[in-house]
Amino acid sequence: MRIFKNRGDIFFSKSNKEKSTEQKILLSLLIFIIVFTVVFLIAVGVKYDFSAKKFFEPENLTVTQENSDDEALPEVSGKTNYVFTVGEEGTLLFTYAIQVDMDNVAYKVSSFKSSTEVEDSTLAKIYSSGGVENVKNAVETLLDTDIDYYISMERKSYIEFFNDLGEVNYPVASDIKFRDSDSSVTYSVKIKAGEQTLDGSDAVNLIRYYLDEEGKTSMANEILLYCLSQQLNSENTENSEKLFSEFAGYSDTNITVRDFSLASDNLTVLSSENAGVAVYSAEAEYDENEITSDSLKTIKGYFVK
């Protein structure tokens, strides 16, 4: 009898010595086979990518990686109405009503002749006697809505600021050759049909021509919508502080630095190529100098807040 000194001691009896030798040989052979198999599988797996992920992954599985370069646009909302006038030395050239609709990410514009009748006066007379603030009040009465901000620029200042923002590509519908020598602020237009590049002077003269000579407010609306869509871009948004400083110097406006800062998210969205900004033209139809009731009703619908 043998007494084990340690719990791990193994005792092979003398009578089982031969059997024990055979067991050792078989055990060594088994270990060799296992090691060889493991090494073989590792080598083959490295070569042919026999990973567990590969084994269980469906053959037709497609992994799509999101493009992290496209940052999410800020959430925006609200509707803001503007009145914008361009004149020269007390003479009104044209007026726009503009809505920036961030609920639907859209621009809405309506242009008015300077001779547009409002109650017992005209926009031109109101501008001449009381400036843009009184024009704002008149447009509020006309459209039966609140106007948040007014902007007024002299023709020369508007042209300079337009050119600072950049030229605009615009498809001119037909050849135009016209010279005005009767109004107090004369102008001329000479432009070919087709895709043209407009600077500030071209834009002012074309708008005046379409409003006063052709009576086509839809064309005047179209020019402004082309300007908004092209000039409010990512490059100008990056330089917005400098441009706003220039804007404030060029214009008579109630838009403050604080208003500008609060609108930074709106500018980011409107200048993004991924925002899908919509544009709407609210056409004013005239019976001489009075906007017809049907078209006025339509315009009011666009500028509801």
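For every chain, the first residue of its written sequence is number 1, and the numbers climb from 1 along that sequence. Only residues with pLDDT of 70 or above have their local features reported here, since the model is predicted, and side-chain atom pairs are shown and tallied only from 80 upward, although totals for entire chains, interfaces and linings are computed over all residues. Working from all heavy atoms in the structure, the side-chain values ignore hydrogens and water.

Draft legend 1. View of the overall build of the protein chain. Assigned secondary structure in the protein chain consists of 11 helices and 14 strands. We call a residue buried when its accessible area falls under 20% of the maximum for its residue type, exposed when it is over 50%, and partly exposed in between, using a 1.4 Å probe and counting protein chains only. Looking at the protein chain as a whole, 36% of its 305 residues qualify as buried. In what follows, a contact means two residues having at least one pair of non-hydrogen atoms within 4.5 Å. Within the protein chain, contacts between residues separated by at least 24 positions form 64% of all contacts whose residues are at least 6 apart in sequence. Numbered from the N terminus, helices here are DSSP runs of H or I no shorter than four residues, and strands are runs of E no shorter than two.

Draft legend 2. A look at the pairing of strand E1 (residues 79-88). The buried count for E1 comes to 7 of 10 residues, which makes it a mostly enclosed element. Pairing between strands requires that DSSP locate at least two bridges from one strand to the other. Sheet topology places E1 next to strand E2 (residues 91-101); 10 bridges connect them, and they run antiparallel. Opposite valine 86, over in E2, you have phenylalanine 94 as the bridge partner. Hairpin connection of E1 to E2: 2 residues between the antiparallel strands, including glutamate 89 at a positive phi of 50°. Where E1 and strand E6 (residues 149-154) come together, 6 bridges link them in parallel fashion. Residue pairing for E6: valine 83 is matched across the bridge by tyrosine 150.

Draft legend 3. How the structure looks around the side chain of arginine 208. The residue arginine 208 is located in helix H5 (residues 200-214) in this model. Working convention for charge: Lys and Arg count positive, Asp and Glu count negative, and His plus the chain ends are omitted. Here a salt bridge means any side-chain nitrogen of Lys or Arg lying within 4 Å of a carboxyl oxygen belonging to Asp or Glu. Buried and unpaired, arginine 208 has no salt bridge, with aspartate 180 as the nearest side chain of opposite charge at 4.3 Å. One polar contact links the side chain of arginine 208 to the main-chain carbonyl oxygen of valine 185, over a distance of 2.7 Å. When near neighbours in sequence (up to four residues on either side) are disregarded, arginine 208 contacts Leu93, Phe94, Asp180, Ser183, Val185, Thr186, Tyr187 and Glu213. N or O atoms closer than or at 3.5 Å make up a polar contact, with two conditions inside protein: a donor-capable atom paired with an acceptor-capable one, and, for residues adjacent in sequence, both atoms drawn from side chains.

Draft legend 4. Molecular detail of the packing of helix H4 (residues 155-165) against helix H8 (residues 240-250). Relative to each other, H4 and H8 sit at 170°, their axes nearing to 10 Å. Considering their axes alone, H4 and H8 lie roughly antiparallel with respect to each other. Contacts between H4 and H8 involve Ser157, Glu160, Phe161, Asp164 and Leu165 from the former and Leu243, Glu246, Phe247 and Tyr250 from the latter. In this classification, Asp, Glu, Lys and Arg are treated as charged, Ala, Val, Leu, Ile, Met, Phe, Trp, Tyr, Cys and Pro as nonpolar, and every other residue, Gly included, as polar. Considering only residue class, the contact of H4 with H8 consists of 5 nonpolar, 1 polar and 3 charged. Axes, fitted as lines to C-alpha atoms, cover a helix only where it is in contact. Angles between the N-to-C directions of the axes lie from 0 to 180 degrees. Angular relationships are summarised with four words: roughly parallel below 35 degrees, roughly antiparallel beyond 145, roughly perpendicular across 65 to 115, and oblique for the angles in between.

Draft legend 5. Main features of the packing of H4 against H5. Taken N-terminus to C-terminus, the directions of H4 and H5 make an angle of 125°; their axes are 8 Å apart at the nearest point. As judged from the angle between their axes, H4 and H5 are oblique. Packed against H4, whose contacting residues are Arg155, Tyr158, Ile159, Phe162 and Asn163, the element H5 presents Gly200, Ser201, Ala203 and Val204 at the interface. Split by residue class, the contact of H4 with H5 holds 5 nonpolar, 3 polar and 1 charged.

Draft legend 6. Representation of a negative patch on the surface within the structure. Taken together, Glu117, Asp287, Glu288 and Glu290 make up a surface patch of like negative charges. Structurally, the position occupied by glutamate 117 is in strand E4 (residues 117-118). Residue classification places glutamate 117 among the partly exposed positions, given a relative accessible area of 38%. Any residue with relative accessible area above 30% and no salt bridge may belong to a patch, with like charges joined within 9 Å and the nonpolar Val, Leu, Ile, Met, Phe, Trp and Tyr side chains within 5 Å. All accessibility values rest on the Shrake-Rupley procedure with a 1.4 Å probe; residue burial counts only the protein chains present in the view. We put the charge of a Lys on NZ, of an Arg on CZ, of an Asp on CG and of a Glu on CD.

Draft legend 7. A look at the pairing of strand E7 (residues 168-172). Here E7 shows a clear split, with Val168, Tyr170 and Val172 buried on one side and none of Asn169 and Pro171 buried on the other. Bridge analysis of E7 against strand E10 (residues 194-198) gives 5 bridges, and the strand direction is antiparallel. Its bridge partner being in E10, valine 172 is matched across the sheet by glycine 194.

Draft legend 8. Quick look at unusual backbone geometry. Residue glutamate 89 is not a glycine yet carries a positive backbone phi of 50°. Along the polypeptide, glutamate 89 turns up in the loop between E1 and E2. Assessed through its relative accessible area of 73%, glutamate 89 is described here as exposed. With a phi close to 60°, glutamate 288 is a non-glycine residue in the positive phi region. Checked against the element boundaries, glutamate 288 lands in the loop between strand E13 (286-287) and strand E14 (290-291). We classify glutamate 288 as exposed; its relative accessible area is 68%.

Draft legend 9. Up close: the confidence of the model for the protein chain. As a per-residue measure, pLDDT tells how confident the predictor is, with possible values from 0 to 100. When the pLDDT values of the protein chain are averaged, the result is 87; 77% of them are 70 or greater. Contacts for the low-pLDDT stretch residues 1-15, under 50 throughout, to residues beyond four places or in other chains number 5 contacts. Contacts for the low-pLDDT stretch residues 61-69, under 50 throughout, to residues beyond four places or in other chains number 0 contacts.

Draft legend 10. Just the nonpolar core, in detail. Grouped together as the largest cluster of nonpolar side chains are 47 residues, with contacts concentrated most on Phe84, Phe94, Tyr96, Tyr170, Ile176, Leu206 and Tyr210. With 7 residues, H5 is the single largest residue contributor to this core. Apart from residues no more than four positions distant in its own chain, tyrosine 170 is found in contact with Gly194, Glu195, Gln196, Leu198, Leu206, Tyr210, Met219, Glu222, Ile223 and Tyr226. Counting 21 residues, the second largest nonpolar core, distinct from the first, contains Leu92, Tyr127, Leu296 and Phe303. Throughout, nonpolar core names a set of buried Ala, Val, Leu, Ile, Met, Phe, Trp, Tyr and Cys residues whose side chains join them through atoms within 4.5 Å.

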